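# Summary of structural features
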Amino acid sequence: MIPNDKPTKIKTLDLGVGPGTWSLRLFDLFTDSIDITGIDISEGLLELARSNISEYEKNRNISTSISLKVSDLNKDLPFDNNTFDLTICTNTPLNHIRQSNIESVVSNMLRVTKSGGYNITSVKSEGSLPTVYVCPMSDVLTYTQENDILSFTHKNGQKARLISNLFTLDKLKNLFGKFGKTEFIGVGIFLPRFETYYWPNHDFEKYLNPVMEELEALEKKYSKDSRFIDLANHIMVITKKD
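The rules behind each value
- Residues numbered from 1 in each chain as written.
- Predicted model: local features only at pLDDT ≥ 70, side-chain atom pairs only at ≥ 80, totals over all residues.
- Heavy atoms only, no water.
- 1 Å grid on protein atoms, 1.4 Å probe; cavity = no way out; pocket = protein on both sides within 12 Å on 5 of 7 lines; lining within 4 Å.
- Points joined across faces, edges and corners; volume = space filled by probe spheres on them.
- Helix = DSSP H or I, 4+ residues; strand = E, 2+ residues; numbered from the N terminus.
- Nonpolar A, V, L, I, M, F, W, Y, C, P; charged D, E, K, R; others polar.
- Pairing = 2+ DSSP bridges.
- Axes fitted to C-alpha atoms, helices over the stretch in contact; angles between N-to-C directions.
- Contact = heavy atoms within 4.5 Å.

## A few points about the layout of surface pockets
Within this model, the largest pocket holds a volume of roughly 980 Å³. The wall of the largest pocket is formed by 37 residues, among which Asn91, Thr92, Pro93, His96 and Tyr133 lie closest to the centre. If you list the elements that add at least two residues to the lining of the largest pocket, you get α1 (21-30) and β2 (34-40). Tallied by class, the residues present in the lining of the largest pocket amount to 17 nonpolar, 14 polar and 6 charged.

In structure tokens, the structure reads:
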């Protein structure tokens, strides 16, 4: 997913960096050829990211070029226009933005992306498997989705409400298509349906192993088929900015 025509030093912004997973994966891929800034609204998650980065550096006896700061995606990003060669927003940050503000957030992401640079975003789709994001579904007694608000009851009796803005291919085309050449990929159309994370009381391995190659072939075959993308567990959007 990373552009082949990369500059000497890829200036990168990780929006919703969380525990630093994708920033570290990018650094693993490009090491000295990448400079990464990670932002998140949660200071707690940034502390976890700092810990993970520190452990990564210690284990490899290297210093990374990853800097972290608190920032809210709902507000204007504290960066100039056309600052970054690559911006990423992966693993559902946009699913926690209200529908009324999503167009502004996407525009802001692309504002700080350089002309000719790339934005890579992934979101949960309307046809994705049920999730409450913060715990396994096996711990959930009841849940309801109304517009972009998800309400659920944990098995311990605790009730919670959170933003869960799910996407369709058409909605993503309208949001991202205006900024440049855009590619849409369905990630997890077939395989997640059999993951024990969603079905902890079922052992699918004995059934899956003989047909895994066939399932993987189906994933590849239909990942860019518009008939199936809305059923994917995640939709990845790759935009090359005009």
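## A closer look at the sheet that holds strand β9 (residues 180-187)
Strands pair in a sheet through their backbones, by hydrogen bonds, and they do so in one of two ways: parallel or antiparallel. An order of β3-β2-β1-β4-β5-β10-β9 is seen for the 7 strands of this open sheet, with the pairing classed as mixed. Edge positions in the sheet fall to β3 (66-70) and β9, since each has one partner strand and no second. Ignoring which end each strand starts from, the neighbouring axes of this sheet average 15° apart. Examined bridge by bridge, strand β5 (residues 113-124) and strand β10 (residues 234-241) share 7 bridges and lie antiparallel to one another. By the bridge assignment, Ser122 is partnered in β10 with Met236. Along the sheet face, α1 touches β1 (10-15), β2, β3 and β4 (84-89) and points at about 180° away from the line of β2.

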